[in-house]
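Descriptive structure summary
Letter by letter, the chains look like this.
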Amino acid sequence: MHVLHCLVALALFAQDEENAPRPRQFGIYTATQTQTHAPTALCWTPDGLLVAESELDTVSTWQGIELAQRGRTLGERAATDAVGASLADPRGLAVLPAAKAPDGVERVFVASSGVHEIRVRDLSGRALAAFGGYGAAPGQFRDPRGLAVTGEALYVCDTGNDRVQKLSHDGQPLAQFGERGSGPGQLLRPLAVALDDAGFVYVTDSGNHRVHKLDRDLKPIKTWGDFGPHPGFFAFPDGIACHAGELFVVDTDNHRVQVFDLEGNVRYQWGLHALLPREGEGKLHYPSGIAIDPSSAAPRVWISEPQENRIQGFRLIAGEEELPRDIPGTRVVAAHYGPHISVGPDVLALSEPMAPSLVLYDVEQDSTPWEPILITRMGMWGNRPGQLRAPNDLEVDWPNKLLYVADVDAGTLSCWRFNHDEHRPVGFDFFMLKFVRSLDLAKLHALALDDAELAIRPDALELGPAGHLLVLDSLQRRVFALPASFERARTLATGVLGSRPIDLAFDAFSNSLAVVDELDADVRVFPCAVGADGVTLASGPQLRGFGSHGLRVGQFLRPGGIATAPDGSVFVSDSALHRITRFDAAGVARATFGQPGLGRIEFHRPRGLDVDDSGRLWIVDWGNHRGQVLTASGEFYGAYGSRSFIRSTFKKD
């Protein structure tokens, strides 16, 4: 009888489950808006969707159920910046409706990352106020990003300071949470913040691949997540939003949106990884921002994809619809090249931050058609010596068969030996890279073995004179020089760099250092000298400077990579204009090559550059998940990377 009762109970339970209403779930694709330029942050208002367009330095409004109509623009790039006139690299948005404002004045808060300030506008675009400024004191920022606002306070992801700040509406500091690190109460590049109806605060801790729940005074309540592709795990989470008792998290490098209850329990997920070039219609490629239209009649979730210059909309499932399912294997954290590159006489080195791993190619074999041949891949995620978290730049020291690696999230420099013999037949070797040593830059700073204000963050790396490593810290706007022994670091350049230096190149023939600035859109070249104390900038002004913001030849919109050639030429990539410009030794633009696309000498957000001893130009065609090799005059030489992305470069007989 007991067994019979159990069977009856199970049957009734199954029937109840079958007859139960389907859960409310978003994820059915509806529309795409492709007329945006690097849309980073989104915010819904009664007048439509606000979009932070990073590359245009503006915030735009979009209206209509499918965002078909562009409305007002809340600012633009300005030569002068009185009373917060310009929105330099906007990265965060929050709207305080007039009904919730204590003084009845509606406000739009914009995180103006390029000037480290919060800019305040009304919905007509009129500038109301600006506060913050570069620094680490309460109320100051380094690279502010995500915003959220209530009638009482503004919450800011102070990304470069690895903290969240609570401020009054006029910028007075009230509370803060976080410091750099991976332990309890620590953050690593927080990117977005959201509030629920009860006033709890949720923060995406991107570099630690987790989410924090805090109370309204930023006291920690709960933390969940770790690095990985499985439900409840993350790969560099970004945008976050609360809606109807659920928490939506944009899981950027897993190319999906995960939905949780407010205690961190997984509810469901949606989003398929776009595997083909420019693939969309519901498939996601490095999604970033999120905003939810709360309309009860036709609610929409809008997701921005800055790399693809688009916004996609998703609605609730209806009737017997099902969410699109993953293709087996696509949720694995796939390997795509990082933003930098280094080439030696016989090897090419690249990083794959998503894996994370390091890869080496042989580049001097005589294959037909010619392309580099992969000879090793190595990597394991973790915090121990010899492990990686987000390797972003590397340098080949060919005479000593060493590879230097900068890992910005781990805050380390590491050294690896490779045993590649160019005289042996080319083949893959799992054990080619051997770990030699690493340097924890936070410990170096704690021991006062550098002269930096903060621990050095290695955003870019270059092999300089006398075997020294030159390390660029974009946030501190400094270049540091370290001997190969890693025993100390000293400032090589400070105060002479621009708003956001992004890459550097050392010219051994003229002993000069070239630094490209992403926001100032220029290149500055300095003479170097080697003395008893190591590398220094020679006394006197910079050798030359060139470039400016614009669309003409010799101008940039968002420069991203730089390399010098043996004849003194300088190559600069522009990720927004999808092209490369060659300058002569005097800084005069001599050629521009490239356009958007997938064919030969076509790019999508090109980044890192290097020039080999033969004068060939090596390019990280970053948005196309491939590399291209050109002659110094801009003629196509070869390509390598994902077969889906290099197929269009093959010769057609």
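Residues numbered from 1 in each chain as written. Predicted model: local features only at pLDDT ≥ 70, side-chain atom pairs only at ≥ 80, totals over all residues. Heavy atoms only, no water.

Our focus in this paragraph is the overall build of the protein chain. Check the secondary structure of the protein chain and you find 3 helices and 53 strands. Relative to the globule expectation of 26 Å for 653 residues, the C-alpha radius of gyration of the protein chain, 25 Å, shows essentially globular dimensions. In terms of overall dimensions, the protein chain has C-alpha extents of about 80 × 65 × 55 Å along its principal axes. The 653 residues of the protein chain split such that 59% are buried. Pairs at least 24 apart in sequence give 48% of the contacts found in the protein chain among residues at least 6 apart. Taking the average location of the 62 positive side-chain charges in the protein chain and that of its 81 negative ones, the two points are 1 Å from each other. (Helix = DSSP H or I, 4+ residues; strand = E, 2+ residues; numbered from the N terminus. Rg over C-alpha atoms; globule rule 2.2 N^0.38 Å. Buried < 20%, exposed > 50% of the residue type's maximum accessible area, 1.4 Å probe, protein only. Contact = heavy atoms within 4.5 Å. Lys, Arg positive; Asp, Glu negative; His and termini not counted. Charge placed at Lys NZ, Arg CZ, Asp CG, Glu CD.)

Our next topic: the sheet that holds strand S11 (residues 154–158). Two orientations exist for strands paired in a sheet by backbone hydrogen bonds: parallel and antiparallel. Strand order across the open sheet formed by 4 strands is S10-S11-S12-S13, with antiparallel pairing between neighbours. A single partner strand is all that each edge strand has here, and the edge strands are strand S10 (144–149) and strand S13 (173–177). In this sheet, neighbouring strand axes are inclined to one another by 20° on average, regardless of whether the strands run parallel or antiparallel. Where S10 lies against S11, 4 bridges are found, and the strand directions are antiparallel. Residue pairing for S11: Leu147 is matched across the bridge by Val156. (Pairing = 2+ DSSP bridges. Axes fitted to C-alpha atoms, helices over the stretch in contact; angles between N-to-C directions.)

This part covers the nonpolar core. Counting residues in each nonpolar core, the largest one holds 18 residues, and the members touching the most others are Phe26, Phe248, Tyr268, Trp270, Ile290, Val301 and Ile303. Of all the secondary-structure elements, those providing two or more residues to this core are strand S1 (26–33), strand S19 (246–251), strand S20 (256–261), strand S21 (266–270), strand S24 (290–293), strand S25 (300–305) and strand S26 (310–316). If near-sequence neighbours (up to four positions away) are discounted, Ile290 is found in contact with Leu42, Gly239, Ile240, Ala241, Phe248, Val250, Val301, Trp302 and Ile303. Ala406, Leu439, Leu469 and Val471 belong to the second-largest nonpolar core, a separate cluster that totals 17 residues. (Core = buried A, V, L, I, M, F, W, Y, C linked by side-chain atoms within 4.5 Å.)

Here we come to the confidence of the model for the protein chain. Mean pLDDT over the protein chain stands at 89; residues scoring 70 or higher make up 91%. Confidence drops under a pLDDT of 50 for residues 1–17, and excluding neighbours within four residues, the segment shows 0 contacts in the predicted structure. (pLDDT = per-residue confidence, 0-100.)

For the rest of this paragraph, the subject is the side chain of Ser573. Within the fold, Ser573 resides in strand S45 (residues 570–574). A relative accessible area of 0% means that Ser573 is categorised as buried. There is a polar contact of 2.9 Å between the side chain of Ser573 and the backbone nitrogen of Gly561. A distance of 2.7 Å separates the side chain of Ser573 from the backbone oxygen of Arg607, its partner in a polar contact. (Polar contact = N/O pair within 3.5 Å; in protein donor to acceptor, adjacent residues only side chain to side chain.)

Any two side chains of opposite charge can pair if their charged atoms end up close together. Tallying each qualifying case throughout the model produces 34 salt bridges. A single network of salt bridges, built from pairs that share partners, joins Asp57, Asp89, Arg91, Arg500, Glu518 and Arg558. (Salt bridge = Lys/Arg side-chain N within 4 Å of Asp/Glu carboxyl O.)

Phi is mostly negative for residues that are not glycine, and the peptide bonds are mostly trans. Note that the residue after Ala355, namely Pro356, is joined by a cis bond; omega there is -20°. Examined against the element boundaries, Pro356 turns out to sit in the loop between strand S28 (347–352) and strand S29 (357–362). One non-glycine residue, Asp162, adopts positive backbone phi at about 55°. Tracing the chain through its elements places Asp162 in the loop between S11 and strand S12 (163–167). Positive phi values are uncommon outside glycine, yet Tyr286 reaches one of about 50°. Relative to the helices and strands, Tyr286 resides in the loop between strand S23 (283–284) and S24.

A word on the environment of Gly199. Position of Gly199 among the secondary structure elements: in the loop between strand S14 (190–195) and strand S15 (201–205). Taking the C-alpha atoms as reference points, Gly199 and Asp215, 16 residues apart in sequence, are found 7.0 Å from one another. Discounting residues that sit within four places of it in the chain, Gly199 has contacts with Asp215 and Arg216.

The 4 strands lie next to each other as S18-S19-S20-S21, forming an open sheet whose pairing is antiparallel. What marks the edges here is a single partner per strand, and that holds for strand S18 (237–243) and S21. In this sheet, neighbouring strand axes are inclined to one another by 20° on average, regardless of whether the strands run parallel or antiparallel.

According to the stated counting rule, one finds 19 aromatic pairs in the structure shown. Ring geometry for Phe546 versus Phe583: centroids 4.5 Å apart, planes at 40°, classification tilted. A residue pair is termed long-range when its members are at least 10 positions apart, and Phe546 in strand S43 (residues 544–546) and Phe583 in strand S46 (residues 579–583) qualify at 37 residues. On the basis of relative accessibility, which here comes to 7%, the residue Phe546 falls in the buried class. A connected cluster of aromatic rings, assembled from ring pairs, spans Phe26, Tyr29, Phe248, Tyr268, Trp270 and Phe314. The cationic tip of Arg437 hangs over the ring face of Phe486; the distance from NZ or CZ to the ring centre is 5.2 Å. Above the ring of Tyr134, the side-chain terminus of Arg477 is found at 3.9 Å from the ring centroid. (Phe/Tyr/Trp six-rings, centres within 6.5 Å; stacked < 30°, edge-to-face > 60°. Lys NZ or Arg CZ within 6 Å of the ring centre and 35° of its normal.)

Once that is clear, we can look at the environment of Gly547. Here Gly547 shows up in the loop between S43 and strand S44 (559–564). Along the sequence, Gly547 and Asp520 sit 27 residues apart, while their C-alpha atoms lie 8.9 Å from each other. Those residues in contact with Gly547, other than ones at most four positions away along the chain, are Ala521, Asp522, Gly554 and Phe556.

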